[in-house]
Amino acid sequence: SQTIHQWPATLVQPVGSPLSLECTVEGTSNPNLYWYRQAAGRGLQLLFYSVGIGQISSEVPQNLSASRPQDRQFILSSKKLLLSDSGFYLCAWTRGNTEAFFGQGTRLTVV
Amino acid sequence: SQQGEEDPQALSIQEGENATMNCSYKTSINNLQWYRQNSGRGLVHLILIRSNEREKHSGRLRVTLDTSKKSSSLLITASRAADTASYFCATDASDYKLSFGAGTTVTVRA
């Protein structure tokens, strides 16, 4: 069966520090991968999505970047975090135009 | 900007009542999906309706889709306390971009 792993679950980082969130998918190949951010009590903002290795589509030009070094690995990064980067980050995968499977999320607090 | 917008933003109902929420979107879609999110967790897929379908059922859930109005509705019948959650609609297009609305927060009172 397919599973998605996202870590860490919680992260507190100082302003100006780097960020690396990792998401891996097991049990499938060639998934479409997504990074979303959710502010408290709000909807999901699509940050990046990828339909293949090295193919990244950026939806919101910000202080963040994404990479897909392997077929089932999706990484969200920042060189210098801002206070406004705080939020709940969710990784998800799909196969074509089908249902999405989500990780459990990372609660990032920038202090 | 978000593709879908849910209405209402929040809904409070008594256990056993039905809950209805709506979603409007802006561009052509391949399908429309509904998800549930319990507080602080990831989203769970509920139901998918394709652009050539008008209605779909799954257990206590009923989804309708009107592509001419670019809108969808989710009905939860005979609500339970466990249905308390946020509900989101999501749309995808031919480029696999999957966009979510702002969500409807449903509270079911015992």
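Preceding this paragraph is the structure being described.
The text that follows walks through the structure, step by step, so that each part is easy to find. (Residues numbered from 1 in each chain as written. Chains lettered and ligands numbered in written order. Predicted model: local features only at pLDDT ≥ 70, side-chain atom pairs only at ≥ 80, totals over all residues. Heavy atoms only, no water.)

Some thoughts on the packing of aromatic side chains
Stage number 1. Per the stated rule, a full pass over the model turns up nine aromatic pairs over all chains.
Stage number 2. Seen in terms of ring centroids, tyrosine 36 of chain A and phenylalanine 100 of chain B are 5.3 Å apart; in terms of plane orientation they differ by 90 degrees. Their pairing is edge-to-face. Linking tyrosine 36 of chain A in strand 4 (residues 32-38) with phenylalanine 100 of chain B in strand 10 (residues 98-100), this pair reaches from one chain into another. Residues tyrosine 36 of chain A and phenylalanine 100 of chain B agree in their burial class; the two are buried.
Stage number 3. With a centroid separation of 5.9 Å and 80 degrees between ring planes, the pair formed by phenylalanine 102 of chain A and tyrosine 35 of chain B is classed as edge-to-face. Highlighted residues: phenylalanine 102 of chain A in strand 10 (residues 101-102) and tyrosine 35 of chain B in strand 4 (residues 31-37), drawn from two different chains. (Phe/Tyr/Trp six-rings, centres within 6.5 Å; stacked < 30°, edge-to-face > 60°. Helix = DSSP H or I, 4+ residues; strand = E, 2+ residues; numbered from the N terminus. Buried < 20%, exposed > 50% of the residue type's maximum accessible area, 1.4 Å probe, protein only.)

Notes on the nonpolar core
All names here are of chain B.
Stage number 1. By size, the foremost hydrophobic cluster in this structure holds 22 residues, and its most contacted members are Met21, Leu32, Trp34, Leu46, Leu74, Ile76 and Tyr87.
Stage number 2. Elements that contribute at least two residues to this core include exactly strand 2 (10-14), strand 3 (19-24), strand 4, strand 5 (43-50), strand 7 (61-66), strand 8 (71-76), strand 9 (85-92) and strand 11 (104-109).
Stage number 3. In this structure leucine 46 touches Trp34, Tyr35, Arg36, Leu61, Leu74 and Tyr87, once residues within four positions along its chain are discounted. (Core = buried A, V, L, I, M, F, W, Y, C linked by side-chain atoms within 4.5 Å. Contact = heavy atoms within 4.5 Å.)

Considering the layout of surface pockets
Stage number 1. Its boundaries defined by the atoms lining it, the largest pocket holds a volume of some 540 Å³.
Stage number 2. Lining of the largest pocket is provided by 24 residues; of these, Gln38, Ala39, Gly41, Arg42 and Gly43 of chain A occupy positions nearest its centre.
Stage number 3. Listing elements by their share of the lining of the largest pocket, those giving two or more residues are strand 4 and strand 5 (44-52) of chain A together with strand 9 and strand 11 of chain B.
Stage number 4. Ranked by residue count, the leading element in the lining of the largest pocket is strand 9 of chain B, at three residues.
Stage number 5. Residue composition of the lining of the largest pocket, grouped by class: seven nonpolar, 14 polar and three charged. (1 Å grid on protein atoms, 1.4 Å probe; cavity = no way out; pocket = protein on both sides within 12 Å on 5 of 7 lines; lining within 4 Å. Points joined across faces, edges and corners; volume = space filled by probe spheres on them. Nonpolar A, V, L, I, M, F, W, Y, C, P; charged D, E, K, R; others polar.)

Side note on the pattern of salt bridges
All names here are of chain B.
Stage number 1. With the rule as written, the count across this model stands at five salt bridges over all chains.
Stage number 2. Residue arginine 62 is joined to glutamate 55 by a salt bridge in which the shortest nitrogen-to-oxygen separation is 3.2 Å.
Stage number 3. The exposure class assigned to arginine 62 is partly exposed, which follows from its relative accessible area of 31%. (Salt bridge = Lys/Arg side-chain N within 4 Å of Asp/Glu carboxyl O.)

A few points about the state of the cysteines
Stage number 1. One pass over the structure, following the stated rule, counts two disulfides over all chains.
Stage number 2. Each disulfide pairs two cysteine sulfurs, and for cysteine 23 of chain A the partner residue is cysteine 91 of chain A, the sulfurs being separated by 1.9 Å. Handedness of the cysteine 23 of chain A-cysteine 91 of chain A disulfide follows from its S-S torsion of about -75 degrees: it is left-handed. Here cysteine 23 of chain A is found in strand 3 (residues 19-26), whereas its partner cysteine 91 of chain A is found in strand 9 (residues 87-94), with 68 residues between them in sequence.
Stage number 3. By relative accessible area, cysteine 91 of chain A is classed as buried at 0%.
Stage number 4. Note that cysteine 23 of chain B is cross-linked by a disulfide to cysteine 89 of chain B, the S-S spacing being 2.0 Å. (Disulfide = S-S within 2.5 Å.)

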